[in-house]
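One-letter residues, chain by chain:
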Number of protein chains: 2
Amino acid sequence: MLDDKILNYFKKHEEGYISGEELSRELGITRAAVWKHIENLREEGYSIEAFPHLGYKIISIPDRLTEVELKWQLKTDIIAGKIYSYKETDSTNNTAYNLAIHGEKEGSIVIAESQTAGRGRMGRKWVSPKSKGAYFSVILRPDILPKEVSGITLLSALSVAKTIREMADLAAFIKWPNDVLINSQKVCGILTEMNAETDKINFVIIGIGININTKKELLPKGATSIMEEYGAEISRVDIVRGIFKNLDKYYKLFGSGHIGRIIKEYKEFSNFLGTRVQVAYHNTKIEGYAVDVDKDGALILRMDSGLNERVLAGDVTMLR
Amino acid sequence: MLDDKILNYFKKHEEGYISGEELSRELGITRAAVWKHIENLREEGYSIEAFPHLGYKIISIPDRLTEVELKWQLKTDIIAGKIYSYKETDSTNNTAYNLAIHGEKEGSIVIAESQTAGRGRMGRKWVSPKSKGAYFSVILRPDILPKEVSGITLLSALSVAKTIREMADLAAFIKWPNDVLINSQKVCGILTEMNAETDKINFVIIGIGININTKKELLPKGATSIMEEYGAEISRVDIVRGIFKNLDKYYKLFGSGHIGRIIKEYKEFSNFLGTRVQVAYHNTKIEGYAVDVDKDGALILRMDSGLNERVLAGDVTMLR
């Protein structure tokens, strides 16, 4: 896309001014076309000024989740090789699933600034208000068995929690299996879906919904955003890029067999270990002390009987 | 569809003759339309004769895998509530997957007389020559975890092997996990695919490709058909209906927690137990004596070291 080419050209010459003539020559388009694309970019939120005798200069960039902004100088090996960016979609997981079915490469991202039918775990809804959060899905093609996919769920939660700590210095914690909380309120949910044979995964879609600059009144009860906890707006582009980098790092670790190290870091980010929890699954509820997460991603509960129970699925509530 | 309504009307009055006038009145269409639909059915292979003063009578029906023929007096609770029948499709699993994504009910079947892009396990091709085999996919929505799906693979193989024994009295055996063999040659392959979250299956597609009246020269090396082993053609409709009935029975057993009984019957149909086998998975091969299949569907190998190994995936070759 020409708009993107112009942006990338500006980005490569960040200090200086670029004349319409130069852009016209470099991109092989007319001066009138250059002007039209500059107008497009202004409408997208880029503040571009024209200085007589000097040329155009980008004064400020919008915090928009576009491929150009997200990929700018992003150094990853697997994640975000390609980014499909939408202002709105029904569900980024649906869009990504459709791409993956038709052969989309590992690492590709579908991202949207809002979703009209965002989905959460176990068929639940995920509220995705316009323009202040980030909702994205990552296509992965790990060479593992379906039963091993929980490792990817864990490393995704770890990547998000770690990014929030790194970028906003907030005490983000993980609640098993994959909610990310700040001050006991949910800031990020992850929905892992897969398409698999009995003994071979075709692809996995990790859907990540993260409340970044979302106002609390737009969110369901028990949810918060990074802005609400941090006290100020924070760059969505920076947060999402940070998550891409961490996902890239931990997914490579996972692929090279270092699940043990991932689980170790995951546990350091967990606030449920050592506490008494209730786990609800379908119509059953069990209670016990959460004592560990094993290498299969199962939650180990110490029951009142003194015996340990391995929990593979369910919703955790921490009891006081 | 009117053709189907006419067929069902004939089937309800199997002994007698039905006049064009009666059909016209019962179906609310003109005599000319009745005649046109009778012609359609003749083109489909139904031999329908018109007797003066008596009416039409079906003299013989074709061995066609249509919804009307397959469902006629079929008594099942879950399987084949609805049948989508095609002369040809790319892959019945693809068609079924697409239906399931859009909410198709549990038990629905997609069946075709040939496939242009039939798929087997592990990304392999499944040769589906025209008009003599049966290729169908079953949509299931079991309330289980992804790791439990192997039970469905096992019960599917059991259903096919048992049907072949019941209908053709041939010694059909199962090779772990889900090939069905007669005289050590493959007569049926099963491809189980699923769409799942980490802790919830959305749906499972069981794809069954079975060589019924297929000539050996049309099949890959090592494959056979029921006809080749039986010595004569056999009704495809009967075989497929038989599989539907057994699937219905074993899937209900599975749903009510009787996996133990399914595994027991599965083992009775297995010819690999007690033999020395090689299991290939990706680039690794291991050898040992196949001693058991456990309740998770894993193959238990006794290694030369004397220790047992649990095998979750791979291709088995029996060694002599």
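It should be emphasised that the depicted structure is a prediction, and the values quoted were computed from it without experimental measurement.

Calculation criteria
- Residues numbered from 1 in each chain as written.
- Chains lettered and ligands numbered in written order.
- Predicted model: local features only at pLDDT ≥ 70, side-chain atom pairs only at ≥ 80, totals over all residues.
- Helix = DSSP H or I, 4+ residues; strand = E, 2+ residues; numbered from the N terminus.
- Rg over C-alpha atoms; globule rule 2.2 N^0.38 Å.
- Buried ≥ 20, exposed ≤ 12 C-beta atoms within 10 Å, placed from the backbone.
- Contact = placed C-beta atoms within 7 Å.
- Nonpolar A, V, L, I, M, F, W, Y, C, P; charged D, E, K, R; others polar.
- Pairing = 2+ DSSP bridges.
- Core = buried A, V, L, I, M, F, W, Y, C linked by C-beta atoms within 7 Å.
- Axes fitted to C-alpha atoms, helices over the stretch in contact; angles between N-to-C directions.
- Least-squares fit on C-alpha atoms with pLDDT ≥ 70 in both.
- Parallel < 35°, antiparallel > 145°, perpendicular 65-115°, else oblique.
- Domains from an automatic or database assignment.

Counting its regular elements, chain A contains nine helices and 14 strands. Relative to its length of 320 residues, chain A is compact, with a C-alpha radius of gyration of 22 Å against a globular reference of 20 Å. In terms of overall dimensions, chain A has C-alpha extents of about 80 × 45 × 35 Å along its principal axes. Going through the 320 residues of chain A one by one, you find that 42% of them count as buried. For chain A, long-range pairs separated by at least 24 residues make up 60% of all intrachain contacts whose partners lie at least 6 apart in sequence.

Interface size, as often reported, equals the accessible area lost upon joining of the parts. Taken together, the contact pairs 21 residues of chain A with 21 residues of chain B. Breaking the side of chain A that touches chain B down by element, the ones donating at least two residues are helix H6 (150-168) and strand S8 (185-197) of chain A. Residues belonging to the side of chain A that touches chain B are distributed by class as follows: ten nonpolar, five polar and six charged. With five bridges connecting them, S8 of chain A and strand S8 (residues 185-197) of chain B associate as antiparallel partners. Considered in S8 of chain B, the bridge of Met-194 of chain A is made with Ala-196 of chain B.

Let's shift gears to helix H5 (residues 92-101) of chain A. Residue and element names in this part refer to chain A. For H5, every residue scored as buried is listed here: Thr-92, Asn-93, Asn-94, Ala-96, Tyr-97 and Ala-100. Contacts from the buried residues of H5 go to strand S3 (83-89), strand S4 (109-115), strand S5 (134-140), S8 and strand S9 (200-210). Following H5 by one or two positions, Gly-103 adopts a phi angle in the positive range, close to 95 degrees.

A word on the nonpolar core. Counting residues in hydrophobic clusters, the biggest one holds 142 residues, and the most contacted among them are Val-180 of chain A together with Val-180 of chain B. The contacts of Val-180 of chain B, once residues within four sequence positions are left out, are Ala-157, Val-160, Ala-161, Ile-164, Ala-172, Ile-174, Val-187 and Cys-188 of chain B. Among the nonpolar cores identified, the runner-up in size contains eleven residues, and Ile-18, Val-34, Leu-41 and Ile-61 of chain A belong to it.

The subject of this paragraph is the sheet that holds strand S11 (residues 284-293) of chain B. Residues and elements named next belong to chain B. On the basis of which strands lie adjacent, the open sheet formed by five strands has the order S13-S12-S11-S10-S14 and antiparallel pairing. The open sheet is flanked by strand S13 (308-311) and strand S14 (315-318), the only strands paired with a single partner. Looking at each pair of strands side by side, their axes are set apart by 45 degrees on average, direction ignored. Here six bridges tie strand S10 (residues 276-281) to S11, and the two strands are oriented antiparallel to one another. When the bridges of S11 are listed, Val-277 appears paired with Gly-288.

For the rest of this paragraph, the subject is the environment of Ile-144 of chain A. Residue placement: Ile-144 of chain A occurs in the loop between S5 and H6. Residues contacting Ile-144 of chain A, with those up to four places away along its chain left out, are Val-149 and Ile-201 of chain A.

Below, the discussion takes up the relation of the copies chain A and chain B. Note on the copies: chain A fits chain B at an RMSD of 0.1 Å, the axial shift is 0.0 Å, and the rotation between them is 180 degrees. One copy is carried onto the other by what is essentially a two-fold rotation axis.

In this section: the packing of helix H2 (residues 20-27) of chain B against helix H3 (residues 31-43) of chain B. Residues and elements named next belong to chain B. Axis separation between H2 and H3 bottoms out at 9 Å; the angle between their running directions is 105 degrees. Between H2 and H3, the angle falls in the class roughly perpendicular. Of H3, the residues touching H2 (which contributes Gly-20, Leu-23 and Ser-24) are Arg-31, Val-34 and Trp-35. In the contact of H2 with H3, the residues fall into three nonpolar, two polar and one charged.

Entries for chain A in the domain assignment read domain 1 (2-60), domain 2 (67-268) and domain 3 (276-318). Spacing between the C-alpha centres of domain 1 of chain A and domain 2 of chain A amounts to 33 Å.

Quick look at the sheet that holds strand S11 (residues 284-293) of chain A now. Residues and elements named next belong to chain A. Ordered by their spatial adjacency, five strands build an open sheet running S13-S12-S11-S10-S14, and the pairing between neighbours is antiparallel. The two strands at the open ends of the sheet, each matched to only one other strand, are strand S13 (308-311) and strand S14 (315-318). Geometrically, the sheet is characterised by an average inter-axis angle of 45 degrees between neighbouring strands, direction not taken into account. Both strand S10 (residues 276-281) and S14 contribute to a ladder of four bridges, which runs antiparallel.

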